[in-house]
Amino acid sequence: FQQNKRCCNALITGLLSLGQTPNTNPRHGGESVAEVLRAHGVKFVFTLVGGHISPILVACEKLGIRIVDTRHEATAVFAADAVARLSGTVGVAAVTAGPGLTNTVTAVKNAQMAESPLLLIGGAAATLLQGRGALQDIDQMSLFKPLCKFCASVRTVREIVPTVRKALAIAQSGTPGPVFIEFPIDTLYPYHVVEKESAPKNTPKGLFGKIMAWYLQNHLSNLFAGAWETCDLSPLPVYIPHATEDEVQRCVELVSRAKKPVILLGSQATLPPTPVCETLTFLKALESLGIPCFLGGMSRGMLGKNSPLHIRQNRRDALKEADLVLLAGTVCDFRLSYGRVLNRRSKIIAVNRDRSQLLKNSDMFWKPTVAIQGDAGSFLLRLSKALKGHRCPEEWPRSLKEGEAIKEKANRAKADEKTERHLNPISVLHRVDELLAEDSIIVADGGDFVGSAAYIMRPRGPIRWLDPGAFGTLGVGGGFALGAKLCRPESEVWIVYGDGSLGYSVAEFDTFTRHKTPVIALVGNDACWSQISREQVPMLGSNVACGLAFTDYHIVADGYGGKGYLIGREDESRLDDIIKKAQKECREGKAILLNVLIGKTNFRDGSISV
């Protein structure tokens, strides 16, 4: 026995000596992450700092990638989402392990449903300590697999570059969406730091101690093996589905025969490569077709402020009358009454990158004449080219515009009505819309007040309207505005808040101040969750949990380094002057909050809240 023990000891000692080559290389895995991000054109990483991810943040900063830290992890993801939408690239957020990641879940789900290409980087416990009760150690992969197109947990430093490249390509391919990479802390720090931290403080004596030392040394060697070998950092090909020639030709025949066609543009129509790279060409294509368009979600503004083809009112009536409907990235979900608003006699062309969205509810309330799994923007360009010389009969869009004018005149009349107290919210929104700069970006974050704004405020151009999308998430305001201002620093960025939704991200006024990203927040303060109260009170006879207070939100903005204004009925005559002053101060670098006390109107009666 003693002889066998001596042989084992000698073997272990020999193996240990093979793995004890000193590694003084100061490089670390965070540098590899940063190098791939830079090679993919990433300009910003949004974060709330944590020790698990510090090497990534430090390395990114050294390579010229701007690190923007927020006051909540959800805001970091919302900001990355906005960058993805506005830049046509992948937005990136990095947060620490455990609660840092769980705080992002709503924002990641929102990005999934809004089809935003987004990379979420998460810290994690060391590879050897996962599942052993380490600080902030949970099963993060199971949490994000239902939310992301791709999830990976890096196990060695050499895996970092190929894993990040693959994730960035997947985020943009097919139907864009979020991807998640988990980085255990020992894959990010330098060898000597990991070696020091992984060494047991009191190594057991004898054979068991030597076996443990060998195991740890072997694990460490494998962790860093091949870490700094030269490898390709360039972007992988991105797959975008396109309509076939036969599908386009069939649609050409249908459109050429239509007398009353309508296009419903959805958020997918704003996806790259078409709108981002060929905005002017895209607009000319729609104008050449001459087909009236209803714009929803991110596509608001695609036709500019006053296009004769953009119809803003009476969509339900137009769809009943239309003989052809082109759903360009629009989904038959609750926003189209699950397809019930479509005329069963209409020819319907549906184009969507996602097959499940393409055919949603087609087994119940509607049937596509042609269903194309492909990119909506490039499809419209090809359709316009194939229909060169053909134009929709002009009396059709003219009649829809006439009906719109009647509806908008009635809406404008509501703006002139006096509310029981405070300011008329419809009047406030009209006056803000009239004073918006031509380069403005509008961020929508709220329920009732924001729902009214969607009817009244007119985005001045493509991708100048940001809303959460189909998930209806509250709290996007601070992050969306932050991302928008960084992408387009010359633009005037407005956040339209309800007083309820403001509570989610008002702390980001601190972020706006620290990072010199001045925006203007317009808060419709009616001291109520009005979108819920409007139905709850008449149906159930109680306003429980719907009431808020006329809180001094403007003082909160002051405290975070911004500038707040309280605006009430006594300020009605000088409202325009206050707005202009706010715009001037914002241009000079101050984040502004307009706390507008508003009364009740019946403008939104009958709107959807569930």
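Keep in mind that what you see is a predicted model, and the values were worked out from it rather than measured.

All right, on to the layout of surface pockets then. Size it by volume and the second largest pocket reaches roughly 520 Å³. Breaking the lining of the second largest pocket down by element, the ones donating at least two residues are helix H9 (191-198) and helix H10 (206-224). For the lining of the second largest pocket, the element with the most residues is H10, which contributes five residues. The class makeup of the residues in the lining of the second largest pocket is 14 nonpolar, three polar and three charged.

Here the focus is the state of the cysteines. Enumeration over the complete set of coordinates arrives at zero disulfides. Between Cys528, a free cysteine, and Cys546, which holds the nearest cysteine sulfur, the sulfur-to-sulfur gap is 5.7 Å. On the accessibility criterion, Cys528 (8% relative accessible area) is buried.

Now for the sheet that holds strand S11 (residues 370-373). Taken together, the five strands give an open sheet; going across it, the order is S8-S7-S9-S10-S11, and neighbouring strands pair in parallel fashion. The outermost strands of the open sheet, each flanked by one partner alone, are strand S8 (293-295) and S11. On average, adjacent strands in this sheet sit at an angle of 10° to one another, irrespective of strand direction. Here four bridges tie strand S10 (residues 347-352) to S11, and the two strands are oriented parallel to one another. Bridge pairing in S11 links Ile349 to Val370. Across the sheet, helix H11 (residues 245-257) lies against strand S9 (324-328), S10 and S11, angled at about 140° from S11, the strand it touches most.

At their nearest, the axes of helix H2 (residues 29-39) and helix H8 (residues 160-172) sit 9 Å apart, and the two run at 35° to each other. For the pair H2 and H8, the sense of crossing is right-handed. In this structure, H2 uses Gly29, Ser32, Val33, Val36 and Leu37 to contact H8, whose residues at the interface are Ile160, Val161, Val164, Arg165 and Leu168. A class-by-class count of the residues in the contact of H2 with H8 yields seven nonpolar, two polar and one charged.

Backbone phi values are negative for most residues with the exception of glycine, while trans is the configuration of most peptide bonds. Cis geometry marks the peptide bond from Pro272 to Pro273, where omega comes out at 10°. Within the element layout of this structure, Pro273 appears in the loop between strand S7 (261-265) and helix H12 (274-277). Of note in this structure, Ser337 is not a glycine but carries a positive phi near 50°. Secondary-structure assignment places Ser337 in the loop between S9 and S10. Its relative accessible area of 17% is what places Ser337 among the buried residues. In this structure, Ala527 takes a positive phi of about 55° despite not being glycine. Mapped onto the fold, Ala527 is located in the loop between strand S15 (520-525) and helix H23 (530-540).

Once that is clear, we can look at H23. For H23, the full list of buried residues reads Ser530, Gln531, Ser533 and Gln536. Packing partners of the buried residues in H23 comprise helix H19 (448-456). The positive-phi residue at the C-terminal boundary of H23 is Gly541, with phi of around 75°.

Annotation from UniProt places "domain: Thiamine pyrophosphate enzyme N-terminal TPP-binding" (unreviewed entry) at residues 28-143. Secondary structure across residues 28-143 comprises 46% helix and 18% strand; the distance between its end C-alpha atoms is 27 Å.

Let's shift gears to the sheet that holds strand S12 (residues 441-445). What holds strands together in a sheet is hydrogen bonding between their backbones, with the strands either parallel or antiparallel. Reading across from one edge, S13-S12-S14-S15-S17-S16 is the order of the six strands in this open sheet, with parallel pairing throughout. Because the sheet does not close on itself, it has two edges, and the strands there are strand S13 (465-466) and strand S16 (563-567). Pairing of S16 with strand S17 (residues 592-597) involves five bridges; the strand directions are parallel. Residue pairing in the sheet places Tyr565 in a bridge with Leu594 of S17. Set on the sheet, helix H20 (residues 477-487) makes contact with S12, S13 and strand S14 (493-498); between it and S14 the angle comes to about 175°.

Attention shifts here to a positive patch on the surface. A cluster of basic residues, Arg315, Arg316, Lys320 and Arg340, forms a positive patch on the protein surface. Positionally, Arg315 belongs in helix H14 (residues 315-321).

Counting 54 residues, the largest nonpolar core has Ile263, Leu265, Leu326, Leu327, Ile349, Phe379 and Leu380 as its most contacted members. Excluding anything up to four places from it in sequence, Leu327 contacts Leu264, Cys332, Leu336, Leu342, Ile348, Ile349, Ala350, Val351 and Trp366. With 51 residues, the next largest nonpolar core counts Ala107, Met298, Leu482 and Val506 among its residues.

Here we come to the packing of aromatic side chains. In total, this model carries six aromatic pairs according to the counting rule given. Each ring, one from Phe509 and one from Phe512, has its centre 5.4 Å from the other, and the planes form 75°; the classification is edge-to-face. One end of the pair, Phe509, and the other, Phe512, are both in helix H22 (residues 508-514), three residues apart, so they sit about a helical turn from each other. Note on accessibility: Phe509 and Phe512 belong to one class, buried. The cationic tip of Arg340 hangs over the ring face of Phe365; the distance from NZ or CZ to the ring centre is 5.1 Å.

Okay, the pattern of salt bridges next. Evaluation of the coordinates by the stated rule reveals 25 salt bridges. Close ionic contact of Asp526 with Lys600 constitutes a salt bridge, the shortest N to O distance being 3.6 Å. In this pair, Asp526 sits in the loop between S15 and H23 while Lys600 sits in the segment after S17, placing the two residues 74 residues apart along the sequence. Judged by relative accessible area, which is 9%, Asp526 ranks as buried. Ionic contacts of the salt-bridge type, sharing partners, join the residues Asp69, Arg71, Asp510 and Arg514 into one network.

By secondary structure assignment, the location of Leu436 is in the loop between helix H18 (425-435) and S12. Each C-alpha atom of the pair Leu436 and Cys60 lies 36 Å from the other, and the pair is 376 residues apart in sequence. The contact partners of Leu436, leaving out residues within four places of it in the chain, are Ile442, Met457, Arg460, Glu492, Trp494 and Gln583.

Parameters and conventions
- Residues numbered from 1 in each chain as written.
- Predicted model: local features only at pLDDT ≥ 70, side-chain atom pairs only at ≥ 80, totals over all residues.
- Heavy atoms only, no water.
- 1 Å grid on protein atoms, 1.4 Å probe; cavity = no way out; pocket = protein on both sides within 12 Å on 5 of 7 lines; lining within 4 Å.
- Points joined across faces, edges and corners; volume = space filled by probe spheres on them.
- Helix = DSSP H or I, 4+ residues; strand = E, 2+ residues; numbered from the N terminus.
- Nonpolar A, V, L, I, M, F, W, Y, C, P; charged D, E, K, R; others polar.
- Disulfide = S-S within 2.5 Å.
- Buried < 20%, exposed > 50% of the residue type's maximum accessible area, 1.4 Å probe, protein only.
- Pairing = 2+ DSSP bridges.
- Axes fitted to C-alpha atoms, helices over the stretch in contact; angles between N-to-C directions.
- Contact = heavy atoms within 4.5 Å.
- Left-handed = near helix turned anticlockwise from the far one by under 90°.
- UniProt positions renumbered as here; feature names shortened; annotations may be inferred.
- Patch = residues over 30% accessible without salt bridge, like charges linked within 9 Å, V, L, I, M, F, W, Y side chains within 5 Å.
- Areas by Shrake-Rupley, 256 points an atom, 1.4 Å probe, with all protein chains shown as cover.
- Salt bridge = Lys/Arg side-chain N within 4 Å of Asp/Glu carboxyl O.
- Lys, Arg positive; Asp, Glu negative; His and termini not counted.
- Charge placed at Lys NZ, Arg CZ, Asp CG, Glu CD.
- Core = buried A, V, L, I, M, F, W, Y, C linked by side-chain atoms within 4.5 Å.
- Phe/Tyr/Trp six-rings, centres within 6.5 Å; stacked < 30°, edge-to-face > 60°.
- Lys NZ or Arg CZ within 6 Å of the ring centre and 35° of its normal.

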